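Residues per chain are reported as follows:
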Amino acid sequence: MILSGKARLAGVLGWPVGHSRSPRLHGYWLDRLGIDGAYVPLPVRPEDFASVFRALPKMGFAGANVTVPHKEQALILADEVEPLAKRIGAVNTLVVREDGSILGLNTDAFGFMQNLLETHPASLGTLNRPAVVLGAGGAARAVIAALVDAGVPEIRLVNRSLERAEKLAADIGGPIRVQQWDRLDLAGAGLLVNTTSLGMSGQPPLDIDLSALPQDAVVNDIVYVPLLTDLLLRAQARGNPVVDGLGMLLWQAVRGFSLWFGQQPEVTADLRDFVLKS
Ligand code: ATR
C-alpha cells in the first residue's frame, strides 16, 4: 500500500517489540480494506516511554497498542482511562482524541469474550455455571473481568502464588474464589480457561486431571503457540468443545483498529492462517 500525506497512523509500543504479530495483523486489514493508513512497530525503552507517549498526538498518530512492559505506565499517563482498564490495571490500546488528549482502553476482555462466543455460540449457556480460571497474571485479569461482567455466578481462580490471586480478586471484585492447584475443583464447571504460560512451547506442560470436568464444559487455552495445546487436545479427546487462543489476539485488535481507522475489520479463517504463518 502506498501512503498519501493524509495517511492515518497507528503502531505498537513495546520493548522488545520484534516478536509482536500486531503489525502483520493490522497490516492485513489495512491492505484488504484499502485504507490509506499504516500500523508500525515502535520499539521504545521503558525510560523513553513517557516522552514517546506524549509525542504521539504531536506526531499525528490516531492511537497505538501498548504491550510489555508498558501497560501499567500507559494507565498512569493516559489523560482518561475507561473504567474496565482501571479494574484490569492495564491499558493496551490508546486513542488520540480530537483535542490531542489520550484515552486508555483495555480490549483484552472484549477479545476474550468475543473469541469464546464467536467460536462456540453455545458458550453463552455455559456462562451460567461456575468458571475455572488457571493463572492470575495480566491476561487472567482481563479474562476474569469479562467473566464477572458476563454475570458468571462463580469464578474459581487457581494460581501458584496465592497472594497474587488474592490481589486480583480484591482488585476486580465479583464472585471469585481463590483455590490452590492441589485443590483444583472442576466439578459442575461450564468453562475452563488456561491463562498461565504452562503448555506454551518451551514451557513446562500443564498437567491437570480433567476427569471431573463436565463433558459439555468449554475449554479455552489463551496460549496459541502451539495452536492446539496439550490441554486442548486432551479436552477435545474427551468430547469437550475447545477454543484456542489465537482468536483472543485477533478480536482484541478489532476494537483498536475500528477506532483508529474508522472501519470494522473481520476475523476470518484466512486472517488466522496469515497471522499464524508469521
Ligand atoms: P500474562 O500477562 O501473559 O498473564 P504473567 O503476568 O507473567 O503473564 O502471568 C503468568 C501466569 O502463569 C501466572 O499466573 C503465573 O503464576 P504465578 O503468578 O504464581 O507466577 C503462571 N505460571 C507461569 N509459570 C508457571 C509455573 N511453572 N507453574 C505454575 N504457574 C506458572
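Residues numbered from 1 in each chain as written. Predicted model: local features only at pLDDT ≥ 70, side-chain atom pairs only at ≥ 80, totals over all residues. Heavy atoms only, no water.

## Thoughts on the site of the ligand
Thought 1: The ligand sits among Gly135, Ala136, Gly137, Gly138, Ala139, Asn159, Arg160, Ser161, Arg164, Thr196, Ser197 and Leu198.
Thought 2: Within the contact set of the ligand, an oxygen atom lies 3.2 Å away from a backbone nitrogen or oxygen of Gly138.
Thought 3: For the ligand, an oxygen atom lies 3.0 Å from a polar atom in the backbone of Ala139.
Thought 4: With the chains in place, 66% of the 650 Å² that the ligand exposes on its own is no longer accessible.
Thought 5: Spatially, the ligand is embedded in the largest pocket.
Thought 6: Here the residues of the shell around the ligand sort into 3 nonpolar, 7 polar and 2 charged. (Near = heavy atom within 4 Å. Polar contact = N/O pair within 3.5 Å; in protein donor to acceptor, adjacent residues only side chain to side chain. Areas by Shrake-Rupley, 256 points an atom, 1.4 Å probe, with all protein chains shown as cover. 1 Å grid on protein atoms, 1.4 Å probe; cavity = no way out; pocket = protein on both sides within 12 Å on 5 of 7 lines; lining within 4 Å. Sits in = over half its atoms within 2 Å of the grid points. Nonpolar A, V, L, I, M, F, W, Y, C, P; charged D, E, K, R; others polar.)

## A short note on the packing of helix 5 (residues 108–119) against helix 7 (residues 138–149)
Thought 1: At a closest axis distance of 8 Å, the pairing of helix 5 and helix 7 adopts a crossing angle of 65°. The orientation of helix 5 relative to helix 7 falls into the category roughly perpendicular. In this structure, the crossing between helix 5 and helix 7 has a hand that is right-handed. On helix 7, the residues touching Asp108, Ala109, Phe112 and Met113 of helix 5 are Ala142, Val143, Ala146 and Leu147.
Thought 2: Its residues assigned to classes, the contact of helix 5 with helix 7 shows 7 nonpolar, no polar and 1 charged. (Axes fitted to C-alpha atoms, helices over the stretch in contact; angles between N-to-C directions. Helix = DSSP H or I, 4+ residues; strand = E, 2+ residues; numbered from the N terminus. Parallel < 35°, antiparallel > 145°, perpendicular 65-115°, else oblique. Left-handed = near helix turned anticlockwise from the far one by under 90°. Contact = heavy atoms within 4.5 Å.)

## Details of the packing of aromatic side chains
Thought 1: Using the criterion set out here, one finds 6 aromatic pairs in the structure.
Thought 2: Geometrically, the ring pair formed by Phe49 and Phe53 is tilted, given 5.7 Å between the ring centres and 55° between the ring planes. Placement of the pair is Phe49 and Phe53 together in helix 2 (residues 49–58), with a separation of 4 residues, close to one helical turn. Considered together, Phe49 and Phe53 belong to a single accessibility category, that of buried residues.
Thought 3: Geometrically, the ring pair formed by Trp260 and Phe261 is edge-to-face, given 6.2 Å between the ring centres and 90° between the ring planes.
Thought 4: An aromatic cluster is present here, built from Trp29, Tyr39, Phe257, Trp260 and Phe261 joined pairwise through their rings.
Thought 5: The positively charged end of Arg24 is found above the aromatic ring belonging to Phe274, 4.0 Å away from the centroid. (Phe/Tyr/Trp six-rings, centres within 6.5 Å; stacked < 30°, edge-to-face > 60°. Buried < 20%, exposed > 50% of the residue type's maximum accessible area, 1.4 Å probe, protein only. Lys NZ or Arg CZ within 6 Å of the ring centre and 35° of its normal.)

Spatial relationships are all this shows, so hold off on functional conclusions.
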